[in-house]
Amino acid sequence: MTRKYDYDLFVIGAGSGGVRASRIAANYGARVAVAEEYRVGGTCVIRGCVPKKLFVYASHFSEEFEDAAGYGWTVEPASFDWKTLIANKDKEIDRLNGIYIRNLERSGVEIIASRAVMKDAHTVHLVGERRDVTADKILVATGATPFKPHTVPGIEHAITSNEAFHLEELPRRMIIVGGGYIAVEFAGIFNGLGVETMLTYRQDKILRGFDEDIRDGLMVEIRKKGVDLRTHTDIAAIERRGGKYLATMRDGAVIETDLIMYATGRVPNSEGLGLEEAGVRMKKNGAVEVDALSQTSVPNIYAVGDVTDRVALTPIAIREGHAFAETVFNGNPTAVDHSIIPTAVFSQPEIGTVGLTEHEARERFEAVDIYKTSFRPMKHTMTGRDEKTFMKLVVDARTDRVLGVHMMGPGSGELVQTVGIAVTLGATKKQFDATVAVHPTAAEELVTLREKWQPAAAKAAD
């Protein structure tokens, strides 16, 4: 029997979403190929959350060595070698890259190491191999790429998170521009590794979209740790002078530094893929427009992950990739629920959050109860370190349902995964209260909070 197309499914991009979609579709019997022009594993595995988390671990040791003294340990003067960290990180990334490749091959997916560009709704041109292939269904899973404002003179001298993972030398001083996940995480990383770190953000508070108490609290804590956080500040121009860089700020101040890193967001990686030529409708920011089932305006073309600019998180890309395969190759229409998403920011201290912020809850619900607490972690009662843990519950006053949980402090990223289950299931404050506390832990605060928080003005009125 003559087949109409070379493949049942052709996937452009072998990141988290593309790999999951490829494997599940192949397991359902589809003939699948995936094209990747860089390395299998995508941003998260190769130059994103995995190597970043390894860097976070490395940066924690400077404080751990200091804290050990409070527990009777004498630590010899510690030293740090950047090249060793990079070499060991690269070894781990190579291992993970190999696992991704083997998993695809075991599923029967053909891997093509080439850039892929669409010629029409069913035809893809493989640039590196100078040939065309056809497919019944095409999935775009090319992710996103770091954004740099090209209106800033000298912006070519700045790096992004991509290059930060491959620096030959650790700088003595650096400026990080931005206020989101990546900016605050790398500020903590480089500061912890001994770099004189300045974090600049043009707005009044970092982490836009997070609960206001978390935003305020993190700003206080990272400044305590030595990060020079400057808000309402932006770079107007960059000049290279010798081996140094001069950053001219909007207010006219000139700051000399050894490295400038932009972490000002990411943009959908859709340019030059031939999507518009194939008839795919795009958003103004370059994102692929899709429906709840990840289908584009062209019926046989789908898109998942960051390239759609829905929720730019690896677990969401994986969910969307799996749901696509379930929908298209198993006849089981599956939409991903983006409404309740537990997430962590590996800032220092780290953040865990799930559900609505207080501001969002007050906009959507008639009455909201707030429970919150701030305290020094038990560990630091012996170290003397001035660091606070913060926890907050946002509750619908009418139904008693917990709408949001927001935490800052050691282990928050791990803790929010479990708390996310309770919030997703619609747990009430009464059910939180009925849960036996695990003592002594910071987490027990989540089930022992009893007093509703009131603004100072309301308390005074009482």
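Note: the structure precedes this text.
Residues numbered from 1 in each chain as written. Predicted model: local features only at pLDDT ≥ 70, side-chain atom pairs only at ≥ 80, totals over all residues. Heavy atoms only, no water.

Examining helix α7 (residues 212-224)
Cut-off, in case you're wondering: Secondary structure counts use DSSP, requiring at least four H or I residues in a row for a helix and at least two E residues in a row for a strand, with both numbered from the N terminus. Expected helix span is taken as 1.5 Å per residue step, with the number of steps being one fewer than the number of residues. Burial classes follow relative accessibility: with a 1.4 Å probe on protein chains only, a residue under 20% of its type's maximum area counts as buried, one over 50% as exposed, and anything between as partly exposed. Contacts are assigned to residue pairs with any non-hydrogen atoms lying within 4.5 Å of each other. N or O atoms closer than or at 3.5 Å make up a polar contact, with two conditions inside protein: a donor-capable atom paired with an acceptor-capable one, and, for residues adjacent in sequence, both atoms drawn from side chains.
Compared with an ideal rise of 1.5 Å per residue, which puts 13 residues at 18 Å, α7 spans 19 Å between its outermost C-alpha atoms and is within 8% of the ideal. Those residues of α7 that sit buried are I214, R215, G217, L218, M219, E221 and I222. Check the buried side of α7 and you find it contacts β9 (196-201), β10 (228-231), β18 (351-355), β20 (389-396) and β21 (402-408). Between a side-chain oxygen at the N-terminus of α7 and the backbone nitrogen of D213 the separation is 3.0 Å; the capping residue is D211.

Side note on the sheet that holds strand β13 (residues 254-257)
The line we're drawing: DSSP-based pairing: two strands are paired if at least 2 bridges between them are found. Axes, fitted as lines to C-alpha atoms, cover a helix only where it is in contact. Angles between the N-to-C directions of the axes lie from 0 to 180 degrees.
An order of β11-β12-β13 is seen for the 3 strands of this open sheet, with the pairing classed as antiparallel. Single-partner strands in this sheet number two, and they are β11 (235-241) and β13. Across the sheet, the mean angle separating the axes of adjacent strands is 25° when strand polarity is ignored.

A few points about the pattern of salt bridges
Threshold: Salt bridge, as used here, is a side-chain nitrogen of Lys or Arg placed within 4 Å of a carboxyl oxygen of Asp or Glu.
Considering all chains together, one arrives at 37 salt bridges under this definition. Close ionic contact of D90 with K89 constitutes a salt bridge, the shortest N to O distance being 2.7 Å. With a relative accessible area of 27%, D90 lands in the partly exposed category. Ionic pairing is found between K392 and D211, a salt bridge with its closest N-O pair at 2.8 Å. Taken together, the residues span a long stretch of sequence, with K392 in strand β20 and D211 in the loop between β9 and α7 at a distance of 181 residues. Accessibility assignment for this pair places K392 and D211 in one class, buried. In this structure, a network of salt bridges that share partners links the residues E63, E66, D67, K225, R385 and E387.

Regarding the side chain of T197
Checked against the element boundaries, T197 lands in strand β9. Residue classification places T197 among the buried positions, given a relative accessible area of 3%. Side-chain polar atoms of T197 contact the backbone oxygen of V195, separated by 2.9 Å. If we skip the residues at most four places from it in the chain, T197 touches M174, I176, A187, F190, N191, G226, V227 and D228.

Remarks on the nonpolar core
What counts, and what does not: Think of a nonpolar core as a cluster: buried Ala, Val, Leu, Ile, Met, Phe, Trp, Tyr and Cys residues, connected wherever their side-chain atoms sit within 4.5 Å.
Within the largest apolar cluster, 40 residues are counted, with the highest numbers of intra-cluster contacts made by I176, F186, F190, L199, I206 and M261. For this core, the elements supplying multiple residues, two or more each, are α3 (49-68), α4 (82-106), β8 (173-177), α6 (181-192), β9, α7 and β17 (343-345). With 6 residues, α6 is the single largest residue contributor to this core. Setting aside chain neighbours within four positions, we find I206 in contact with G179, V184, Y201, R215, L218, M219, I222 and L229. Counting residues in each nonpolar core, the second largest holds 25 residues, with Y7, A116, A121 and M282 among its members.

Side note on the packing of aromatic side chains
Counted only if it meets this: Paired rings are identified among Phe, Tyr and Trp, the last through its six-membered ring, by centres lying within 6.5 Å, and are further divided according to the angle between planes into stacked (under 30 degrees), edge-to-face (over 60) and tilted (the rest).
The tally for this structure, following the rule as stated, stands at 10 aromatic pairs. Between F165 and F186 the ring centres are 5.5 Å apart and the planes differ by 65°, which places this aromatic pair in the edge-to-face class. Taken together, the residues F165 in the loop between α5 (161-164) and β8 and F186 in helix α6 connect sequence positions 21 residues apart. Residue F165 is classed as buried on the basis of its relative accessible area, which comes to 1%. Since its relative accessible area comes to 2%, F186 is described here as buried. Centre to centre, the rings of F186 and F190 are 5.9 Å apart; their planes meet at 25°, and the pair counts as stacked. One end of the pair is F186 and the other is F190, both in helix α6 and 4 residues apart, which spans about a single turn. Connected via pairs of aromatic rings, a cluster forms that spans F55, W82, F165, F186 and F190.

Regarding the environment of F61
Position of F61 relative to the elements: it lies in helix α3. Taking the C-alpha atoms as reference points, F61 and L193, separated by 132 residues in sequence, lie 8.5 Å from one another.

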